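Residue-level listing of the chains:
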Amino acid sequence: MPDRHKSNHKAIAESPATDLFEAGRHPSDSEKEWAEKTLMPTLEKAPERPIGAPTGVNLDEHDHARYTTISGVPVRRLYTQADLPEDWRYEDYLNYPGQPPFTRGIHASGYRGKMWTMRQFSGFASPEETNQRYKYLLEHGGMGLSVAFDLPTLMGYDSDHPFSEGEVGKCGVAIDSLEDMEILFDGIDLEKTTVSMTINSPASVLWAMYLAVAEKQGADWKRISGTTQNDILKEYIAQKEYIYPPAPSMRLVIDTFEFGSKFTPKFNTISISGYHIREAGSTALQELAFTIYDGVEYVEWARRRGLDVDEFGPRLSFFFNAHNDFFEEIAKYRASRKIWYRLMKDRFGAKNQRTWLMRFHTQTAGVSLTAQQPMNNIARVAIQALAGVLGGTQSLHTDSYDEALALPTEDAVRIALRTQQIIAYESGVAQTVDPLGGSYFVERLTLDMENGAFDYFEKLDAMGGMVKAIEKGYPQKEIAEASYQFQRATEAKEKITVGANDFVVEEPAPNILYIGEEVAQAQTKKLQALRARRSNDEVRRCLDALKKAAAQEPKAGANGQISPVNTMPFLVDAVKAYATVGEICDALREVYGTYTETAFA
C-alpha cells in the first residue's frame, strides 16, 4: 500500500549505493564502502525477493523488491546512524525512563517495580455466568477484570426491547439494572480489584451502577481503581455504537471528568481508544494520530467547560491495538508518549507532571485473528503481546485463539492469560527498561510516527477539531481508504496471512462457546420481577430529575464543587432506584435525540 502521507522513506533506488543518500541521509564512508564492496556483489548473485506476490505494493518503480510495514510504510534494508537527524542527541530524543519526553517509558524502573496488569476481556451471556468466569480468571493469576457488554447494553436497550432480539448475551454480558451489576461482581472486592469497562454511549450509566455496587460493598470511592472506556469520538469514527449527537455525548463525557476528579481520584474516567480505529482498517499512524487528537478534543471541551487540565488530566488514559508488524507497533507506543508530553506541556500548559504522562492499555489485534487454522492465532497473539510489552504498556489483554469464531472458551482464555505470564516470567524482557531503545530502525520509525501524527494534527486543527472533522467525514474516509488498500493487497497475496490466503489446509471446525436464547428469556423474567417490586414512582422521580439536569447547560462548579446540573449524581440516584439501562437512556434520548451519520463524499 503506498503511503499517502509525508514520509522520510522513498522507493528503493536503482543502485544500492544511490539508496544510501535517500531522504537526506548522510552515510559514513564505511557504510558507502560496505554498499559497494559487500552489498552490491551479494545482490548481483542473489537479488532480493519480495515477501508475497511480486506485484503492486511489493515492487518499486524499477521492478525491484519493495518491503513495507503492514501499514504500507516502506522499510529500508539497513538502518544506521545516517537514518537519524544530524542533531540527534540522547537527552533530546530519548532521555532516561521516567524523564521527558518519556520515549523510554513513564516509570524509571520499567516492569521491575510493577508488572503490567494482566487484564483479560471477558463477559458473556448472563451476569451469573460471567461472574464465574471472572473468579476463574482471578484464580489463575489474572490481575484485573475487563467487562465486555452485549450489544443491547452497548446501545442503551434493555434485554426485553424488540431491538435486542437475537443479541442478548451474544457479544458480552447482558446488564439491564443495578441488580445485574450486583450479581456480576458478587464475591469480588472492588476496592482491591481493578476493573475496566468497555462501554461508550451509556458509559456514565454503567459507571454509576459500578459506583453504586462499590458503595454497597462498603468500598471507599477514593480508593477504587479501574477504567471506563467512555470514548464516544471513536464511536463516530469507527465502531458506530453511538446513541446521541456528538455535542450532548461530549457533555456526558465531560460530566464524568468533573465528577471523577472530585470523587474517584484513582479511577480513569476515559480510555481514549485507538483499538477500534485500527480494527476498522486504519494504518498504525492513523490509529496513533486520530486517537491522540481525540484526546486533544476532550481536553479542549473540558477546558471550555471551565475545568483545570491538571485536575482531570491525570485520569485520562489511552487504549491501543497491538497488530502484527512488531517494530511498527513498538514505535507507535514510544511515539505516543512523546507526543502526549509535548501536547500537554506546550499546547495546554499543564504544570502537573502526572498530566504529562501517557498511560495506556493494549489489546492484541482481534482483526488479525483468522477463523481458518485458529491455533495459529496463539503465535500471532504472543508476538503482538510482546510488542505491547516492549513498547511499555501499563496493562495488557491477550485475545483468545478462538475469538474469530465466537466468544472465547475457558481453555482458550487460559492459554491467552498464560501467554502473558510466559512473557512476564520466562522471556526476560521485563528485566530491563526499553531494551530496543537506541535501535536505529526503532528510533527512525518512532520519529516518523511522531512527525506523521503532527502532520495529521495540523489538518484536524484547520478543520476546527475532531467533532467538525467527523461531521465532514474526514477520519472515516482516511480509514476506509487504508482498509481498502490493505484488503486489495491481501487479495493479491502481496500481504500474506498464514492459513487464510496462503498455506491453506482443510480442517474440522473447532468447538466454540454457544450462547442460546435462554439468556434473553432469563433476563426478561428478571426485568419483569424487578419492575414489579421496585418503587416505580421513585424511578419516575429520578428520571424526571435527570432529564431536567441534562437539559441545562453545565458550568464548572464553584468552591471545589461540581456543577449542580452534572448528570452523574442524578444517574447514581436513578440506578439506586433500580431504573434500567434502557429507561435511563430513553430519558436522555427524549432530551438529546439520536444521531444518524450523514453520507460523506
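A. How the structure looks around the overall build of the protein chain. Within the protein chain, the secondary structure is distributed over 22 helices and nine strands. For the protein chain, the C-alpha atoms occupy an extent of roughly 85 × 60 × 50 Å along the three principal directions. Every one of the 601 residues in the protein chain was classed for burial, and the buried ones make up 59%. With the model as given, the accessible surface of the protein chain reaches about 24,300 Å², and the carbon-plus-sulfur share is 52%.

B. Representation of the pairing of strand E8 (residues 360–364). Within E8, five of the five residues are buried, leaving the element largely enclosed by the surrounding structure. By the alternation rule, side chains of E8 split into Phe360, Thr362 and Thr364 and His361 and Gln363, which are all buried. Of the pairings in the sheet, the one linking strand E7 (residues 316–322) to E8 comprises five bridges and is parallel in character. Following the sheet pairing, Phe318 is matched in E8 by Phe360. Pairing between E8 and strand E9 (residues 395–397): three bridges, direction parallel. Its bridge partner lying in E9, His361 is registered against Ser395. Note that the unit made of E8, helix H14 (residues 376–390) and E9 has a crossover that is right-handed.

C. Representation of the confidence of the model for the protein chain. Averaged over all residues, the pLDDT of the protein chain is 93; the fraction at 70 or higher stands at 97%. Under a pLDDT of 50 for its full length, residues 1–13 has, in the predicted model, 45 contacts with residues more than four places off or in other chains.

D. A look at the packing of aromatic side chains. The full count for this structure, using the stated rule, is 33 aromatic pairs. Pairing Trp88 with Tyr93 gives two aromatic rings, centres 6.1 Å apart and planes at 15°, and the pair type is stacked. Relative accessible area serves as the criterion here: at 18%, Tyr93 is assigned to the buried category. An angle of 55° between the planes, with centres 6.3 Å apart, marks the rings of Phe320 and Tyr333 as tilted. Taken as a pair, Phe320 in strand E7 and Tyr333 in helix H13 (residues 326–347) lie far apart in primary sequence, 13 residues in all. In this structure, Phe320 and Tyr333 share a single accessibility class: buried.

E. Molecular detail of unusual backbone geometry. Cis geometry is adopted by the peptide bond preceding Pro101, which originates at Pro100 and carries an omega value of 5°. Structurally, the position occupied by Pro101 is in the loop between helix H3 (90–93) and strand E1 (117–122). A positive phi angle is found at Phe102, which is not glycine, with a value near 70°. If you trace the backbone, Phe102 turns up in the loop between H3 and E1. Among the residues examined, Phe102 registers a relative accessible area of 2% and is labelled buried. Positive phi is not limited to glycine here, since Tyr578 has a value of about 70°. Among the secondary structure elements, Tyr578 is positioned in the loop between helix H21 (567–576) and helix H22 (581–592). The exposure class of Tyr578 is buried, given its relative accessible area of 18%.

F. How the structure looks around the nonpolar core. Core analysis: the largest hydrophobic core is formed by 64 residues, its most contacted members being Phe257, Tyr298, Ile339, Trp340, Phe457 and Met466. For this core, the leading source of residues is helix H11 (residues 284–305), giving 11 residues. Here Tyr298 is in contact with Asn230, Asp231, Ile232, Leu233, Met250, Val253, Ile254, Phe257, Ile270 and Ile272, once residues within four sequence places are set aside. In this structure, Leu190, Leu211, Ala219 and Ala574 belong to the second largest nonpolar core, which totals 56 residues.

G. Representation of the environment of Asn321 in the model. Mapped onto the fold, Asn321 is located in strand E7. Sequence separation of Asn321 and Glu491 is 170 residues, and the distance between their C-alpha atoms is 23 Å. Ignoring sequence-local partners within four residues, the contact set of Asn321 consists of Tyr275, Arg278, Glu279, Glu287, Glu329, Lys332, Tyr333, Thr362, Gln363, Thr364 and Ala365. In terms of polar contacts, Asn321 uses its side chain to reach the side chain of Glu279, at 3.0 Å.

H. Representation of the side chain of Thr227 in the model. Considering the arrangement of structural elements, one finds Thr227 in strand E4 (residues 226–228). If we ignore the near neighbours within four places in the chain, the residues touching Thr227 are Val195, Ser196, Met197, Phe267, Asn268, Ile270, Ser271 and Ser317.

I. Main features of the sheet that holds strand E3 (residues 194–198). Taken in spatial order, the nine strands of this open sheet run E5-E4-E3-E2-E1-E9-E8-E7-E6, and their pairing is parallel. Here the strands that pair on one side only, and so sit at the sheet edges, are strand E5 (267–268) and strand E6 (270–273). Alignment of E1 against strand E2 (residues 144–148), held across four bridges, turns out to be parallel. Each residue of the ladder has a partner; that of Gln120, found in E2, is Leu145. Contacting E1 and E9, helix H15 (residues 410–425) runs over the sheet at an angle of about 165° to E1.

Criteria and cut-off values
- Residues numbered from 1 in each chain as written.
- Predicted model: local features only at pLDDT ≥ 70, side-chain atom pairs only at ≥ 80, totals over all residues.
- Heavy atoms only, no water.
- Helix = DSSP H or I, 4+ residues; strand = E, 2+ residues; numbered from the N terminus.
- Buried < 20%, exposed > 50% of the residue type's maximum accessible area, 1.4 Å probe, protein only.
- Areas by Shrake-Rupley, 256 points an atom, 1.4 Å probe, with all protein chains shown as cover.
- Pairing = 2+ DSSP bridges.
- Right-handed = clockwise from strand over helix to strand, strands pointing away.
- pLDDT = per-residue confidence, 0-100.
- Contact = heavy atoms within 4.5 Å.
- Phe/Tyr/Trp six-rings, centres within 6.5 Å; stacked < 30°, edge-to-face > 60°.
- Core = buried A, V, L, I, M, F, W, Y, C linked by side-chain atoms within 4.5 Å.
- Polar contact = N/O pair within 3.5 Å; in protein donor to acceptor, adjacent residues only side chain to side chain.
- Axes fitted to C-alpha atoms, helices over the stretch in contact; angles between N-to-C directions.

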